[in-house]
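Chain residues, written in single-letter form:
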There are 2 protein chains.
Amino acid sequence: MSYIAPIKDMLFAIEHLAQLEQIAQIPGFEDAGLDTAQAVLEECAKFNQNVVAPLNWESDKNPSSWQDGAVTTSPGFKEAYRQFTEAGWQGLQHPTDFGGQGLPKVIGAACAEMAHSASMSFALCPMLTDGAIEALLTAGSDDLKAIYLEKLVSGEWTGTMNLTEPQAGSDLAAVRSRAQPQDDGSYKVFGTKIFITYGDHDLAENIVHLVLARVQGAPEGVKGISLFVVPKFLVNADGSLGARNDVECVSIEHKLGIKASPTAVLQFGDHGGATGYLVGEENRGLEYMFIMMNSARYAVGVQGIAVSERAYQKAVQYAKDRVQSRPVDGSIKASAAIIQHPDVRRMLMTMRATTEGCRALAIVAAAAYDAAHHHVDPAVRQQNTAIYEFLVPLVKGYSTESSIEVTSLGVQVHGGMGYIEETGAAQYFRDARILTIYEGTSAIQANDLVGRKTVRDGGQTAQNIATQIAQTEVDLQDSGTPAALAVAYNLQLARQAFTDAVEFIVAQAKSQPNAVYAGSVPYMMLAGNLVAGWQLARSLLVAQEQLAHGQDQAFMSAKIATAQFYAEHILVKTGSLRDSIVRGAGSVTALELDAF
Amino acid sequence: MSYIAPIKDMLFAIEHLAQLEQIAQIPGFEDAGLDTAQAVLEECAKFNQNVVAPLNWESDKNPSSWQDGAVTTSPGFKEAYRQFTEAGWQGLQHPTDFGGQGLPKVIGAACAEMAHSASMSFALCPMLTDGAIEALLTAGSDDLKAIYLEKLVSGEWTGTMNLTEPQAGSDLAAVRSRAQPQDDGSYKVFGTKIFITYGDHDLAENIVHLVLARVQGAPEGVKGISLFVVPKFLVNADGSLGARNDVECVSIEHKLGIKASPTAVLQFGDHGGATGYLVGEENRGLEYMFIMMNSARYAVGVQGIAVSERAYQKAVQYAKDRVQSRPVDGSIKASAAIIQHPDVRRMLMTMRATTEGCRALAIVAAAAYDAAHHHVDPAVRQQNTAIYEFLVPLVKGYSTESSIEVTSLGVQVHGGMGYIEETGAAQYFRDARILTIYEGTSAIQANDLVGRKTVRDGGQTAQNIATQIAQTEVDLQDSGTPAALAVAYNLQLARQAFTDAVEFIVAQAKSQPNAVYAGSVPYMMLAGNLVAGWQLARSLLVAQEQLAHGQDQAFMSAKIATAQFYAEHILVKTGSLRDSIVRGAGSVTALELDAF
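Conventions used here
Residues numbered from 1 in each chain as written. Chains lettered and ligands numbered in written order. Predicted model: local features only at pLDDT ≥ 70, side-chain atom pairs only at ≥ 80, totals over all residues. Heavy atoms only, no water. Helix = DSSP H or I, 4+ residues; strand = E, 2+ residues; numbered from the N terminus. Areas by Shrake-Rupley, 256 points an atom, 1.4 Å probe, with all protein chains shown as cover. Lys, Arg positive; Asp, Glu negative; His and termini not counted. Charge placed at Lys NZ, Arg CZ, Asp CG, Glu CD. Salt bridge = Lys/Arg side-chain N within 4 Å of Asp/Glu carboxyl O. Phe/Tyr/Trp six-rings, centres within 6.5 Å; stacked < 30°, edge-to-face > 60°. Buried < 20%, exposed > 50% of the residue type's maximum accessible area, 1.4 Å probe, protein only. Lys NZ or Arg CZ within 6 Å of the ring centre and 35° of its normal. Least-squares fit on C-alpha atoms with pLDDT ≥ 70 in both. Contact = heavy atoms within 4.5 Å. Buried area = accessible area lost by both parts, 1.4 Å probe. Polar contact = N/O pair within 3.5 Å; in protein donor to acceptor, adjacent residues only side chain to side chain. Nonpolar A, V, L, I, M, F, W, Y, C, P; charged D, E, K, R; others polar. Core = buried A, V, L, I, M, F, W, Y, C linked by side-chain atoms within 4.5 Å. Domains from an automatic or database assignment. UniProt positions renumbered as here; feature names shortened; annotations may be inferred. Disulfide = S-S within 2.5 Å. Pairing = 2+ DSSP bridges.

A. Representation of the overall build of chain A. Within chain A, the secondary structure is distributed over 20 helices and 12 strands. Taken over the C-alpha atoms alone, chain A extends approximately 80 × 60 × 55 Å along its principal axes. If you sum the accessible surface of chain A, you get close to 20,400 Å²; carbon and sulfur atoms cover 49% of it. Charge centroids of chain A, computed over 44 positive and 64 negative side chains, lie 6 Å from each other.

Rendered as structure tokens:
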């Protein structure tokens, strides 16, 4: 089998780090206990392992194609999507009111990881639908909800996000698409949108485009952007499909990776205007779009973990199979599997520890989301909202930046075979490369982390996290095992690096914005690295406890070894990041523009 | 123009860091002064900018193809190669006795960088020919030299290296190709070789394969491997081409990058045996192959610099052209070119500083090569041999690992456009990914650095380098400028990290080989980073001196800013590498094999 879902590691994080039993006490989540989590994850693993994963490499060789305005997806996608919707996977996290299963994000996140491990290209379609659902749930009128939500939650129709235009990428203030109000309350939408994931395809009978555009006379900049629903096919009063709307897929891109996922250029309104329906109020579109985007950003972080996991599994398999050279310690007197060689082990451990650390980070963030949205106590909701919002740019930024390194190591473990496309390791490397770019580049995540998440509250949330980490250090020291002490040592240094960076950023943000933003991505990497390492430190403590009770010796021992490796080889990088942020800001912008 | 050779930076390094005037005092190099260097570099730039660079992207779209045993190269390659040979570029560094120009490597390295910036895929062909020439010069009989060298030096024929077999990659002891002695002194060669760069092509009328094989009855392992010349076409006594030899190109690979460079599977001896000629003595093949390989390893390091430079130039261009968002410091009240944004600047500076640092490292290593091979004083030769051999794994390992990061940043600067193949940024990222693999993976370079270059002389060469670096620190402190002091501070910490690692490695190599080799690649990265940073520190001192004399203000100021950026953002990474090597060795191999 080309992919085996790491259910055990996921459940470990869900149970012990995210503390699912606490989430299951929240009204509405009563049935979402550990048994449910396990059952759902096992079903999800079966589907993704057996149905989706086998399509991944073939679909890279036979990418989606465009002809006469219509996209044909890769062989096998249509049938897999049919099975996906029939099993109800699209509705996993969505409200039961609209036919969903209403499970917490902490379970949904694990399922999403499996889906993206199986095939990023395939799983992007439901991922975008999730975003559309969230936007309509939050801001859509009852009418819009009634017409679209059930169809989206079932997966019968799919959703897209239409933000980018040729001149408006990271800068949405530059959006030029426009909308004219019509007498019947609808709008005519005009404009060109690019980089639209699954902007056209043949998996579902309708596509619900969520489109940013300016209503005539709206203010300049981001405060004049509205959000519209523009369906590919208009919907009749009885819910059946009507006429084809005036939106056309004029081409798809030839990309480095995720080739099976069609990335479309959409033309709205070339034949009189595309019929659109306002979501929420005029000029509040960006606010609503951020709902979709936050959901999507988190999901992209999960994609990073997913592709890392798959690259890791492939590399391990190769390293166990490939025989080459004698071990350097003379322990075997003949050529051995390359996993016996220390540097191969270092690469595999780096892949493994990074992936497990990012997974733990993401699952803990998901738990904060669940509490932030559903806890009965407003104070708990507020607290968790702050934590979740701080963690989203880390999940997105750190997991995806790391996934480039992890998938690159995956190629490296394969040696020359890694460079041959048929091997498959290169696909993960190519696929991963989009992740630091779409749904906000790493710089955009880092700006968000610096501005909205760190400076705005004067570093309070950051400091709260540091305080919790300090408590984990105490627990590690109390435990006193060599592994715990080694982790405590590195965790303490990393936390200090983090608080140094936070202090610098908070103190200088107003007076020296260039200096602060010069270190924004290093700060994001520092924070992500720290919080992932912290979760593995917590894992070590849990594993020691479990071992003391005789639980699952092999798994728990591995958890401890992985946590220690992370601390000694990955967490150690935080010190130099702090030094660059705090001492090196000036040299980032010192070179004259003419000298480039 | 898609590529402009950085002649000024190259000449700066050649003149001030490699001290060309000293090399020009070596007999045979009298004419290789600064004027010659400049003239050669300018001609070389013209050729590569105008003739080769425009082919790079087109040839990626139209890669070399295979049909019926023959490879057809990409459109334009044949004509470009004809111009390449007619201008005599193949013979640049080779002896005048065989029609070459006999220039020092320090000039040749700069020219090679231009060639690989223009097109890695194209320049690989002459690069492999260089290796074949070096092997024949060192170990070939007078007969072999007479038959092959002039044709290779002129580029009329090309060369290949045939090492790898399916079961023998990094481990050449596993080579199974065999050779049977014939009555006329020739051999019949049999076997399958894979990953043979330019193993077949249509650029030249003959291909000179250098092939590792075992003579019947040879010892097991690396001590039973011999080196053979196996020409594609046999050569008649009068030098004209005779019959087709029994070597067939049975396929070429479908690769992640360098797609225009054919990577062949060669089948030797399926029809009675390929006629081969022994190079040097039987069973000493690996020793000779290392001559080719050391030349090739250095050259691959230069490829890393080359592709980084080209990626940097493309990213700078895009960052100057692309307008998006207002500067965070409010200095411009409208959307600005993205080069105005601090994080874009950070990425470009990382690309620039890394590239300049690695270039300086490579050119200084080339000067050591020239002195090692040609200086009149045996003591100077010996000293430079030790330095050169220490530096080769750094040039290869550090420059190529860095090139993956640099080309990845190149994609990132382009945002979504970077992921679209037509943009071209992704090609550099794909091309670069081979560099840490072929001609010895990074682990192989690191093993060489640890075993043969560090442990064998008890850390003496490493210590000599550290002593020289300490002197540069003193010079920086004496200079006393803020930039010099900032660099001195970081250089001192990095040197300390290096000597800590060296001490650990030398002390533990015998008793704890797993622990030492677990840190081999981090050690290589530490050493490469340090020596590159050291060269930029020397550059800063030179630039300050030049500025004091009113020389070239813009260039020298940029050199200072770049050196400081390197120290504060790249050299700072050495501390965590030391910590991983010295304190983290145990956790690399702690996880049980079954747990993977």
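We are not done yet, so read on.
B. The pattern of salt bridges, seen in detail. All names here are of chain B. Enumeration according to the criterion identifies 52 salt bridges over all chains in this entry. Among the ionic pairs, D552 bridges to K8, the shortest N-O distance being 3.0 Å. On the criterion of sequence distance, the pair formed by D552 in the loop between α17 (520-548) and α18 (553-569) and K8 in helix α1 (residues 7-17) is long-range, its members being 544 residues apart. For the salt bridge of K559 with D9, the shortest nitrogen-to-oxygen distance reads 2.4 Å. In this pair, K559 is assigned in helix α18 and D9 in helix α1, connecting sequence segments 550 residues apart.

C. Structural context of the packing of aromatic side chains. Applying the stated criterion to the full structure yields 25 aromatic pairs over all chains. Geometrically, the ring pair formed by F47 of chain B and F84 of chain B is tilted, given 6.2 Å between the ring centres and 45° between the ring planes. Note that F47 of chain B is positioned in helix α3 (residues 34-52) and F84 of chain B in helix α5 (residues 77-86), a separation of 37 residues in sequence. Classification of F84 of chain B as buried rests on a relative accessible area of 8%. These aromatic residues form a ring-pair network of at least three members: F47, F77, Y81, F84 and F122 of chain A. Seen from the ring of F233 of chain B, R244 of chain B lies directly overhead, with NZ or CZ sitting 5.6 Å from the centre.

D. Looking closely at the relation of the copies chain B and chain A. Its rotation angle being 180°, the transformation that places chain B on chain A also includes 0.0 Å of axial translation and leaves an RMSD of 0.0 Å. Taken together, the rotation and translation relating the two chain copies correspond to the operation of a two-fold axis. Residue by residue, 100% of the interface of chain B is reproduced at the interface of chain A, so both copies engage with the same surface.

E. Molecular detail of the side chain of Q427 of chain B. Residue and element names in this part refer to chain B. Checked against the element boundaries, Q427 lands in helix α12 (residues 425-432). Using a relative accessible area of 3% as the deciding quantity, one classes Q427 as buried. Ignoring anything within four residues of it in the chain, the contact list for Q427 reads N56, W57, D60 and E421.

F. Spotlight on the interface of chain B and chain A. Of the residues lining the interface, 85 residues belong to chain B; the matching set on chain A comes to 85 residues. Interface area, chain B with chain A, both sides summed: about 7,400 Å², of which 61% is carbon and sulfur. Inspection of the region where chain B meets chain A yields zero salt bridges. Inspection of the region where chain B meets chain A yields 53 residue pairs in polar contact (both at pLDDT 80 or more). For the side of chain B that touches chain A, the residue count by class is 39 nonpolar, 27 polar and 19 charged.

G. Spatial organisation of the nonpolar core. Ranked by size, the top nonpolar core spans 385 residues in total, and within it Y523 of chain A together with L348 and Y523 of chain B carry the most contacts. Dropping the residues within four chain positions of it, Y523 of chain A is found in contact with F390, L449, V450, T454, A462, F498, A501, V502, I505 and I581 of chain A. Grouped together as the second largest cluster of nonpolar side chains are 18 residues, A179, V189, V215 and L266 of chain A included.

H. Geometry of the domain arrangement of chain A. Taken domain by domain, chain A consists of domain 1 (54-87 + 119-283) and domain 2 (441-585). In this structure, domain 1 of chain A and domain 2 of chain A have C-alpha centres spaced 38 Å apart.

I. Fine view of the UniProt feature "domain: Acyl-CoA dehydrogenase/oxidase N-terminal" (unreviewed entry) in chain A. Here the UniProt feature "domain: Acyl-CoA dehydrogenase/oxidase N-terminal" (unreviewed entry) sits at residues 37-156 of chain A. With 67% helix and 5% strand, the stretch residues 37-156 of chain A has end C-alpha atoms that lie 25 Å from each other.

J. Inspection of unusual backbone geometry at higher detail. With phi around 55°, E439 of chain A is a residue other than glycine that occupies positive phi space. Relative to the assigned elements, E439 of chain A resides in the loop between α12 (425-432) and α13 (442-455). Here E439 of chain A falls in the buried class, since its relative accessible area comes to 16%. At Q19 of chain B, a residue that is not glycine, the phi angle is positive and equals roughly 50°. Relative to the assigned elements, Q19 of chain B resides in the loop between α1 and α2 (20-23).

K. How the structure looks around the state of the cysteines. Residue and element names in this part refer to chain A. Within the structure shown, the criterion is met by zero disulfides over all chains. No disulfide involves C44; its sulfur sits 3.7 Å from that of C111, the nearest cysteine. Exposure remark for C44: the relative accessible area of 3% places this residue in the buried category.

L. Representation of the pairing of strand β12 (residues 274-279) of chain A. All names here are of chain A. In terms of burial, β12 is largely enclosed, as five of its six residues are buried. Where strand β5 (residues 187-197) lies against β12, three bridges are found, and the strand directions are antiparallel. Its bridge partner being in β12, K188 is matched across the sheet by T275. As judged from the three bridges shared by strand β7 (residues 226-231) and β12, these two strands associate in the antiparallel manner. Opposite F228, over in β12, you have L278 as the bridge partner.

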